[in-house]
Amino acid sequence: IPGLGNASIFVGLAVIIFLVSYIFSFIGVIFQYADFKVEKMNNELHITSGLLERKHTTVPFDRIQALRFVEGVFREPFGYGMLFVESAGFQQKNAERPIVLAPFIKKDKLKEFFSVFIEDYDEPETVIKPPKRAFLRYLRRPNYLLLIIIPLIWWFWELGWVLFGFLIPATFLGWLRYNDATVWINEQSLKMQYRILAKRTAFVKRNRAQVSELTINPFQSYKKLATLNITAASGAGGKVFSLTDIETDDAQMILKWSLDRDAIN
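Residues numbered from 1 in each chain as written. Predicted model: local features only at pLDDT ≥ 70, side-chain atom pairs only at ≥ 80, totals over all residues. Heavy atoms only, no water.

Asker: Please set out the overall build of the chain residue by residue, giving values where relevant.
Answerer: Scanning the chain from N- to C-terminus turns up 7 helices and 13 strands. With the C-alpha coordinates of the chain rotated into their principal frame, the extents come out at 70 × 55 × 35 Å. Taken over 265 residues, the chain has a buried fraction of 39%. Of all intrachain contacts in the chain linking residues separated by at least 6 positions in sequence, the fraction that spans at least 24 positions is 54%. Total accessible area computed for the chain in this model is approximately 15,800 Å², and 62% of it derives from carbon and sulfur atoms. Distance between charge centres in the chain, computed from 32 positive and 26 negative side chains, equals 4 Å. (Helix = DSSP H or I, 4+ residues; strand = E, 2+ residues; numbered from the N terminus. Buried < 20%, exposed > 50% of the residue type's maximum accessible area, 1.4 Å probe, protein only. Contact = heavy atoms within 4.5 Å. Areas by Shrake-Rupley, 256 points an atom, 1.4 Å probe, with all protein chains shown as cover. Lys, Arg positive; Asp, Glu negative; His and termini not counted. Charge placed at Lys NZ, Arg CZ, Asp CG, Glu CD.)

Asker: Could you give an account of the environment of isoleucine 168, with specific residues and numbers?
Answerer: Along the chain, the position of isoleucine 168 falls in helix α5 (residues 167-180). On the basis of relative accessible area, isoleucine 168 is assigned to the exposed category, the value being 65%. Taking the C-alpha atoms as reference points, isoleucine 168 and alanine 209, separated by 41 residues in sequence, lie 37 Å from one another.

Asker: An account of the packing of aromatic side chains is requested, with residue identities and associated values reported.
Answerer: Scanning the model with the defined rule gives 11 aromatic pairs in all. Here the aromatic rings of phenylalanine 135 and tyrosine 178 are separated by 5.0 Å at their centres, their planes lie at 75°, and the arrangement is edge-to-face. With phenylalanine 135 in helix α3 (residues 135-140) and tyrosine 178 in helix α5, this residue pair connects regions lying 43 residues apart in the sequence. Judged by relative accessible area, phenylalanine 135 falls into the partly exposed class, the value being 27%. Of the aromatic side chains, those joined through ring pairs into one cluster are Phe113, Phe114, Phe117 and Phe203. The aromatic ring of phenylalanine 84 is capped on one face by arginine 68, whose charged end is 4.5 Å from the ring centroid. (Phe/Tyr/Trp six-rings, centres within 6.5 Å; stacked < 30°, edge-to-face > 60°. Lys NZ or Arg CZ within 6 Å of the ring centre and 35° of its normal.)

Asker: Quick rundown of the pattern of salt bridges? Include the residues and the values.
Answerer: According to the stated counting rule, one finds 11 salt bridges in the structure shown. A salt bridge links arginine 195 to glutamate 76, with the nearest nitrogen and oxygen atoms 2.8 Å apart. Taken as a pair, arginine 195 in strand β9 (residues 189-195) and glutamate 76 in the loop between β4 (64-71) and β5 (80-87) lie far apart in primary sequence, 119 residues in all. Judged by relative accessible area, glutamate 76 falls into the partly exposed class, the value being 23%. Linked by salt bridges that have partners in common, Glu76, Asp180, Arg195 and Lys199 make up one network. (Salt bridge = Lys/Arg side-chain N within 4 Å of Asp/Glu carboxyl O.)

Asker: Give me the lowdown on the sheet that holds strand β1 (residues 37-41), citing residues and values where you can.
Answerer: An order of β1-β2-β3 is seen for the 3 strands of this open sheet, with the pairing classed as antiparallel. Whereas interior strands pair on both sides, the edge strands pair on one side only; in this sheet they are β1 and β3 (55-60). Pairs of neighbouring strands in the sheet enclose a mean axial angle of 20°, with direction left out of account. Pairing between strand β2 (residues 44-49) and β3: 6 bridges, direction antiparallel. Each residue of the ladder has a partner; that of threonine 48, found in β3, is histidine 56. (Pairing = 2+ DSSP bridges. Axes fitted to C-alpha atoms, helices over the stretch in contact; angles between N-to-C directions.)

Asker: Describe the pairing of β1, with residues and values.
Answerer: Sheet analysis places β1 next to β2, joined by 5 bridges and oriented antiparallel. Counterpart to lysine 37 in the pairing with β2 is threonine 48. Where β1 folds back on β2, the antiparallel hairpin that results is connected by 2 residues, among which asparagine 42 adopts a positive phi of roughly 55°.

Asker: Which residues make up unusual backbone geometry, and what values do they have?
Answerer: For asparagine 42, which is not glycine, the phi dihedral falls at a positive 55°. Looking at the secondary structure, you find asparagine 42 in the loop between β1 and β2. Using a relative accessible area of 71% as the deciding quantity, one classes asparagine 42 as exposed. Notably, lysine 224 is not glycine yet its phi reads approximately 60°, a positive angle.

Right, dumping it as structure tokens:
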């Protein structure tokens, strides 16, 4: 195309592909979750959805291992998200396919939703957050890959230096991750909030935590920080919920909590 260099064409095509993909994805969600309905019957949930093809899913309460609320980038500003249920033994051939319990629900309505459809749910109150000395680690972490890739692009493209501008949103993402990172806990339940790009909140019962793991790398050891991983059974495998750079003592307390119901008393 006259007047356009290779880089301009590449960026333009990338934008067009993103927009077209997003439109088709949006239409696909409408077809997939049209006329969505969830019903509580005896000891199980019945989920029905679909416009062209109706899909019926049954989830017994004794198979529910965890709940996961995901606030997408475009939904979060309006307070909405998608609620998933992690169920043991569901769809053994496709462990990555989650069960949607509510495709579009307001965050401040979750407690009301749980009181109707989820048995024995109670809101944890004890709050644990990363300490202030972990703040810079959160800010730096999203920039590590960029600081490697951008100089390489700059080597081959003379305008590659403009990509350093991506360090600003990457640092902002780190700030969001630090602010969102939280664990709420009580004797029987754990609620973990963290962010990758979308903000995620996991709800796990103590007796449903399949694997609890604490890891400490040398850089974390120096600042007495740790990474906590809680795994709940999901499909043929497990779903891992992870919180980075929390106090080592807090991580050890939660690790003990998963084994001992009196750990936080």
